[in-house]
Amino acid sequence: MNSDENIFGRVPRLILHSLALEPDRAAIEPDLRSIDDGDWSAFFYCADLHGVTPLIAHQWQALGLLDRLPIETRDRLSSAYRDNTERSENIRREVIEYWNLIAAAKVPSILIKGWPLAEMLYESPALRLITDMDLLVPRDRAQDGLIALQRAGLEPLPRDRDAWIEKHLPSYWRLNGRTVTYPLQNMFDPYHPRSVELHVNLWEENFRGLRLRDLSGFWERSRVINVAGQPMRVPSLEDAFIHLCVHWACHWIERAARLNQLVDLDRFMRRYNSALAWPLILRLSDEARVTRFVFAALDVVQRVFDSPRPPAEMTAQLRAGCPPPLQQWIDRYTLNDVAQLDYRQPDKGTAYVLTNLAAQSIGEKFGIVRYALLPPREFIIMKYQLNQHWLAIPFYVPYILSRAFGLLKPFLRAVTRSARLEGRA
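Residues numbered from 1 in each chain as written. Predicted model: local features only at pLDDT ≥ 70, side-chain atom pairs only at ≥ 80, totals over all residues. Heavy atoms only, no water.

Undergrad: An account of the sheet that holds strand S1 (residues 110-112) is needed here, citing residue identities and associated values.
TA: Sheet strands pair via backbone hydrogen bonds, and the direction of the pair is either parallel or antiparallel. Overall, mixed pairing links the 5 strands, which are arranged S1-S2-S5-S4-S3 in an open sheet. Where the open sheet ends on each side, the last strands, each with one partner, are S1 and strand S3 (155-156). Judged from the 2 bridges that link them, S3 and strand S4 (residues 172-173) form a sheet pairing that is antiparallel. Each residue of the ladder has a partner; that of Glu-155, found in S4, is Trp-173. (Pairing = 2+ DSSP bridges. Helix = DSSP H or I, 4+ residues; strand = E, 2+ residues; numbered from the N terminus.)

Below is the structure:
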C-alpha cells in the first residue's frame with residue numbers, strides 16, 4: 001500500500017491493509033491494538049457497507065489475529081463469514097437456475113461480473129459479497145428473457161431512483177414470502193433475495209451526460225468456461241477487465257463504489273496482467289470512449305493496493321486518454337477517498353466535480369448540465385408517481401426549479417474546483 005500517511009484514520013487504514021492479497025501482519029497489528037469500542041462500531045459500519053467483512057475475517061484468521069480480539073468482535077466477524085458461506089451456496093444454485101431458465105427460453109446470454117469473478121479470483125466465493133446476477137442478452141430478445149423469469153415466479157423490485165436506467169431491463173428477484181426493509185440489518189443474510197438484471201448494454205452510453213459507447217465485438221470474443229459446475233458463456237479476459245474498470249469508475253464518480261469492487265480489480269491484475277492483450281484493451285477502450293475510466297481505475301487500485309501495472313508504454317497511452325484534471329484529483333484525494341465512500345449517503349457535489357473533471361469536450365460539459373436538469377421522462381413519472389406518460393411534461397417545471405436550487409451550490413463548487421485543477425494541468 002502506498003503513502004500510508006495520507007490515509008485518514010486508523011479504521012480505513014486497518015481495513016485497507018487487511019484487504020491485501022497477502023496482508024502484512026506487522027502493518028495491521030498497531031491499529032488493531034489501539035482500536036477501541038467506538039472504533040469497532042465504525043469498523044463494522046465501513047466493512048459491512050463495502051461488503052468486505054467475510055474477507056477480513058478470513059484474512060485475520062489466517063494471520064492468527066482473531067483470538068486476540070474482543071469476543072463480541074470475533075463473533076461478529078465469524079458470523080459474517082459463516083452467513084456469507086451459506087449465502088454463496090444459495091447464490092450458486094440461483095446462478096445455475098437462472099442461467100438455465102434463460103437458455104431454455106433460447107435467449108443467448110453472457111454472464112458478467114458476480115459469480116464467475118468470485119470463482120476466478122478468490123479462494124472461495126464465500127469471501128466475496130454478491131448482490132445480484134447480471135446477464136448480457138441481445139436487445140431484441142431481452143423481453144423473452146424477462147418473461148421466462150416472470151413465469152418462474154420472480155417479481156420486479158420496487159420502483160426506485162434507478163427505474164429509468166437504460167443499460168438493463170427492470171430488476172427481478174424471488175422474495176419467497178420475505179419482506180425487505182432497508183437499511184439491511186445483515187448485509188450477508190443468506191436468505192436476503194438477490195436480483196437478476198438482464199443487460200442490453202455494459203454501461204450507460206449517456207453516463208451522467210458523458211458520451212460513451214459499448215464495446216464492439218464483445219459477443220464474438222466471449223468464451224465458454226465452467227461456472228458453478230456447468231458450461232456458461234462469460235466475457236473474454238480483456239473485456240472482463242475493461243468492464244471491471246468502467247463499472248468501478250462509474251460507481252466511484254457517483255460516490256457509490258464499494259471496496260470489494262476494487263479488491264476484484266487488484267486480484268484480477270495480479271492473476272492476469274501478463275496474459276492480457278494490452279494493445280487490444282487500449283483500442284477497445286478508445287473506441288468506447290472509456291479510456292479515462294480504465295486509467296482512473298488502474299491508477300487508483302495501484303495507489304491503494306500497489307497492484308501491478310500494465311507495460312510502461314501501455315500505461316502511458318492509457319494515461320494520455322484520461323483528462324489531466326481527473327488525474328490530479330486522483331493524485332490528491334484517492335487514499336482519503338476510497339475507504340470512506342458511503343453509497344447510503346452519496347456526496348452529490350463531489351459526483352458533479354468528478355463528472356466534470358472526466359468530461360473530454362464542451363459537448364460533454366453541456367451534457368452534464370442537461371443530465372442534472374433534464375432527466376428521462378421515466379424518471380419524472382417515477383418521482384411524481386404519475387399514471388400517464390403525457391403528464392410528465394408539466395412536472396418538468398417544478399423538478400427543474402427544485403434541482404436548480406438544490407444543485408446550485410454543488411455545481412458552483414464543481415466548476416470552481418474543476419477550474420482550479422485545470423489551471424494546474
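Next comes the rest of the description.
Undergrad: Go over the packing of aromatic side chains with me, naming the residues and quoting the values.
TA: For the structure on display, the rule yields 12 aromatic pairs. Here Trp-40 and Phe-43 contribute two aromatic rings whose centre-to-centre distance is 5.2 Å and whose plane-to-plane angle is 85°, an arrangement assigned as edge-to-face. Placement of the pair is Trp-40 and Phe-43 together in helix H3 (residues 37-49), with a separation of 3 residues, close to one helical turn. A relative accessible area of 7% places Trp-40 in the buried class. Within the aromatic cluster, the residues linked to one another by ring pairs are Trp-40, Phe-43, Phe-44 and Trp-60. Sitting over the ring of Tyr-352, Arg-208 keeps its end group 4.7 Å from the ring centre. (Phe/Tyr/Trp six-rings, centres within 6.5 Å; stacked < 30°, edge-to-face > 60°. Buried < 20%, exposed > 50% of the residue type's maximum accessible area, 1.4 Å probe, protein only. Lys NZ or Arg CZ within 6 Å of the ring centre and 35° of its normal.)

Undergrad: Summarise the packing of helix H10 (residues 259-272) against helix H12 (residues 291-305); cite the residues concerned and give the values.
TA: Between H10 and H12, whose axes approach to 10 Å, the crossing angle comes to 90°. In this view, H10 runs roughly perpendicular relative to H12, as classed from their interaxial angle. Counting all contacts with H10, which are made through Leu-262, Val-263, Leu-265, Asp-266, Met-269 and Arg-270, the residues of H12 involved are Ala-297, Leu-298, Val-300, Val-301, Val-304 and Phe-305. Residue composition of the contact of H10 with H12, by class: 10 nonpolar, no polar and 2 charged. (Axes fitted to C-alpha atoms, helices over the stretch in contact; angles between N-to-C directions. Parallel < 35°, antiparallel > 145°, perpendicular 65-115°, else oblique. Contact = heavy atoms within 4.5 Å. Nonpolar A, V, L, I, M, F, W, Y, C, P; charged D, E, K, R; others polar.)

Remember that the coordinates give geometry; whether it matters functionally is a separate question.
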